[in-house]
Amino acid sequence: MVTYFLKKLGYGFLVIFGVIVVVFFIFHALPGDPTKMIAGPRATPETIAIIKKDLGLDKPLSTQFAYYLNDLSVISVHEDTPKNQLDYGYLKLFSISNSAFVVKTPYLRKSYYRNKRIDEMLFERVSATLVLSITAMLFATFFGVILGIICALKQNSFLDHTLVSISVLGISTPSFVAAIFIALVFGYYLSEYTGLDMTGSLWVLSAIDGKQLALKNIILPALTLGLRPLAIITQLTRSSMIEELCKDYVRTAKAKGLPQHIVIFKHTLKNAINPVVTAISNWLATLIAGAFFVEYVFSWKGLGWLTIESVQKLDLPVVMGATLVVAVIFVFITLVVDLLYALLDPRVRA
Amino acid sequence: MSNNPNLIEINNLSVIFDGENGQHKAVKNINLKLKKGETVGIVGESGSGKTVTSLSMMRLLPNPPYCNTEGEILFNSRQYGEVNLLQLPFDKLRQLRGNEISMIFQEPMTSLNPVFTCGNQVVESIIRHQETTIKSAKARVLHLFEKVHLSNPERIYNAYPHEISGGQKQRVMIAMALACNPLLLIADEPTTALDVTVQAAILEILRELRETEDMSVVFITHDLGVVAEFADRIIVMYQGQIVEEGAVWDIFSNPQHPYTKGLLACRPRLDLKLRVLPVVSDFMATDEHGNISEITEAKFQSVGQALMLNFQSDAELRKHHERLIQQTPLLQIKNLSKEFIKKKGIFSSKKETVRAVNDVSFDVYPGEILGLVGESGCGKSTLGRSLLRLIEPTSGEVIFEGKNILQLSQKEMRAIRKDMQIVFQDPYGSLNPRMTIGEIIMEPMRIHSIMNNEKERRAYVIELLETVNLNAYHFNRYPHEFSGGQRQRICIARALALQPKFIICDESVSALDVSVQAQVLNLLNELKAKFNLTYIFISHDLAVVKFIADRILVMKEGQIVEMGFSEDIYDKPKRAYTRQLIEAIPRGDLDTIRRIMLKRKLQKTS
């Protein structure tokens, strides 16, 4: 079990390293020069050269990459100056001449435009996106599994056919269509009854109370975001349950005289849930990276919003940072899911 | 408790399935009585309604409207007195299931839940029906595991089903069934999926337990030989009806119904070498309404006659054997080995080598049937597949008609595959469900350009279908429309389509009923004579191998234990392992039955 976990963890680090390489070279090889964007259309070549030097963009790509890796690494080498101390917030281990070996949290650099650490910028956005996606997935998983079980137990009944048809509709509706529709119906026409707004973020800034948590704003975007996973989880649970319910061990469980809820929830569901877990994890990861449309429609200040903005401005450190954070979340979710598999099914542990 | 001396009494039971193709009556007006402590065997081929009958006693059949039951099943319950199981409300029924009536199923591999430990699954049953602590339930389970002769009960208790063997799983199933001291145990083909030696052990356990636990047993099987030594009474079912019922002795010594006669005759025997196995259709005919009539002017008037008229004498056999081994071998296998490497852990470089086939050498002569026997896991299938390079052997030589096929290139190998074919065990899994029978048989012919054009191929496929006793109109049908026996014949036709010289039959009849098995075995024999074929016949069933093979190779743990002519192996086995295998075969002859009946009587009176 421990070796299984370590193996998965090792793969996880490899994936993250791969992402760093790909992200770095893709964004640096892209056409467009960030220095020109920063300096503006009327800048002289001298100004551009100065900005370039300042951002470290004048060095060869391989050197830049080495510096970037050094910045990301937990244990790294830096010139021991007060400015660096302030930027990196490191803990010095020992120094040789004027270089210091240090421990620090990974440093994602600063935005080209704002003198702000990127991890600070991302943290706020990531937490908003995470809260939104996880809420959406909890909603989708809970109802999806329940509906799927109901369909499987009442296979070929009117209820089953109705739910399957609705779920097909759910799968085929693009999220931006659903988003506009839901925002309009529940946040506008019915807002008197629902008490919900068309747009809003997790944190609301108001002049009197300052920053405030606005949980009710999550309902509509989470509902929208959860619709497709809900439909897919329903169908997956349904087919998986139908398959498992025909298996011999279910008959054994019934022959033992177990009550129906134990036969279904303990014996069958535990076997049927594997493909559903895969779907849940994939969807959660997809939502985190791709909730852009929904965030846009509901003005939800999340990660997707920030990423698009930064790509347009060629704010490379932000784009790379955002991509990396998503990659790390991806890997983390996969790791958790792999552990979950092993927990659910002893045959995986070997 | 009422005064009814019967533990269970089935009156006029009918089970009707409502499918897309209309209604199908799986069980027709069955009456059955079972006394306390009695064992009754229900025998019949697949589709005869024996399993449906047993499932209806547990009410485990699908719900209406898909399935309707009529009649009544009276059961003398410990808790509720006499009840009609078919009318009992579900909550009461669940109190009986697993508690007073329990069941063992055919497939131990799939009947246990793969995600819970074996111990957990048995404990669950005890906790459900008895007010007890987990601790004492665990003690009971360990005790039960000892009773079913599981060595190291603690390990099995914590093991998951995939970590133990088939025989061990079936013992866990038995322990689970016995957990709450049931009054009635229903065993549905409990040994069919197991090796003969394991089967013998399981039967011994059941025999022992029904005495100590004082249970009644309903034992369902397609093989008369298995129940002969186990049951008090036998019920023979055919097409949903009971066609014959009586004490074991009577059924075996004086069968009345033609179907019973056929069943008795079609079992391959150990004592005589028959030319052709009798089949059920030698004894009876069914018309299109399902009415059975006895064939009176038949080839064989009785079971005895069926055997006496067509066995081969010793002199005949000797002559045949001598002629065989004087030829140059068609296939020579020299020091063949196949190793599988299992890695131990991820970071350790330690590797474990498993030798599935270990330095095996033997010859196969043209026109011979070489039987390959051994328990599951002995490497017989791996050996068979290595010969065709379906698995790449690690070392050794396979010389087919003078060429070492292990050194051939992919292309040359493909050409030579035409001459070497294989028929697999599972007739359900080895036919592509999306292709018609005709397409399935024609595909290899096209690849190897047999015949000049499609028209000729088509004609040949139809000829082949007729050779394997199917019809031309089956050409455009799909596999799911056929029964197991028919599918296996389609697989044989596909192998024959390439006009091979050599066929490997890998457990090709193991999944079939005894009566169907007899037909397929006869077919294989006929085809051998007709097309001048050579077979390697892999099987765990020694009686079948004895019937069909000229020579036998006994394998154990990847090595050849013994090799020789079938008669010699059976009459004078040299190795203890071979003897053990032979002794485990259920005999089903009258002497054995008499001995066992006497023993049981003595036990009961003492």
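Residues numbered from 1 in each chain as written. Chains lettered and ligands numbered in written order. Predicted model: local features only at pLDDT ≥ 70, side-chain atom pairs only at ≥ 80, totals over all residues. Heavy atoms only, no water.

Enquirer: Help me get a handle on the overall build of chain B, residues and values and all.
Expert: Scanning chain B from N- to C-terminus turns up 23 helices and 22 strands. Its C-alpha atoms give chain B a radius of gyration of 26 Å, near enough to 25 Å, the size a compact globule of 606 residues would have. A principal-axis box enclosing the C-alpha atoms of chain B has dimensions of 75 × 70 × 50 Å. Residues counted as buried form 57% of the 606 residues belonging to chain B. (Helix = DSSP H or I, 4+ residues; strand = E, 2+ residues; numbered from the N terminus. Rg over C-alpha atoms; globule rule 2.2 N^0.38 Å. Buried < 20%, exposed > 50% of the residue type's maximum accessible area, 1.4 Å probe, protein only.)

Enquirer: Requested: an account of the nonpolar core, with residues and values cited.
Expert: A general trend in soluble globular proteins is that nonpolar side chains are found buried together. Within the largest apolar cluster, 96 residues are counted, with the highest numbers of intra-cluster contacts made by B:F75, B:L85 and B:L184. Element by element, the count of residues in this core is highest for helix 7 (residues 166-178) of chain B, at 7 residues. For B:L184, the contacting residues outside a window of four places in its chain are B:L7, B:I8, B:L34, B:M57, B:F75, B:E100, B:I101, B:S102, B:S216 and B:V218. Counting residues in each nonpolar core, the second largest holds 67 residues, with A:M121, A:A222, A:L306 and A:Y341 among its members. (Core = buried A, V, L, I, M, F, W, Y, C linked by side-chain atoms within 4.5 Å. Contact = heavy atoms within 4.5 Å.)

Enquirer: Break down the packing of helix 14 (residues 303-312) of chain A against helix 15 (residues 316-344) of chain A for me, with residues and values.
Expert: For any two helices packed against each other, one specifies the crossing angle of their axes together with the interaxial distance. All names here are of chain A. In the contact formed by helix 14 and helix 15, the axes pass within 9 Å of each other and the chain directions differ by 145 degrees. In this structure, the crossing between helix 14 and helix 15 has a hand that is left-handed. Taken together, the residues of helix 15 that come into contact with helix 14 (itself represented by L303, L306, T307, S310 and V311) are V318, V319, A322 and V326. For the contact of helix 14 with helix 15, the per-class residue count stands at 7 nonpolar, 2 polar and no charged. (Axes fitted to C-alpha atoms, helices over the stretch in contact; angles between N-to-C directions. Left-handed = near helix turned anticlockwise from the far one by under 90°. Nonpolar A, V, L, I, M, F, W, Y, C, P; charged D, E, K, R; others polar.)

Enquirer: Describe in detail the packing of helix 4 (residues 118-129) of chain B against helix 7 of chain B, supporting the description with residues and values.
Expert: Residues and elements named next belong to chain B. Contact pair helix 4 / helix 7: the axes reach a minimum separation of 8 Å and the direction vectors enclose 15 degrees. The orientation of helix 4 with respect to helix 7, classified from their angle, is roughly parallel. Note on packing geometry: the crossing formed by helix 4 with helix 7 is right-handed. Seen from helix 4, the contacting residues are C118, Q121, V122 and S125; seen from helix 7, they are V172, A175 and M176. Residues belonging to the contact of helix 4 with helix 7 are distributed by class as follows: 5 nonpolar, 2 polar and no charged. (Parallel < 35°, antiparallel > 145°, perpendicular 65-115°, else oblique.)

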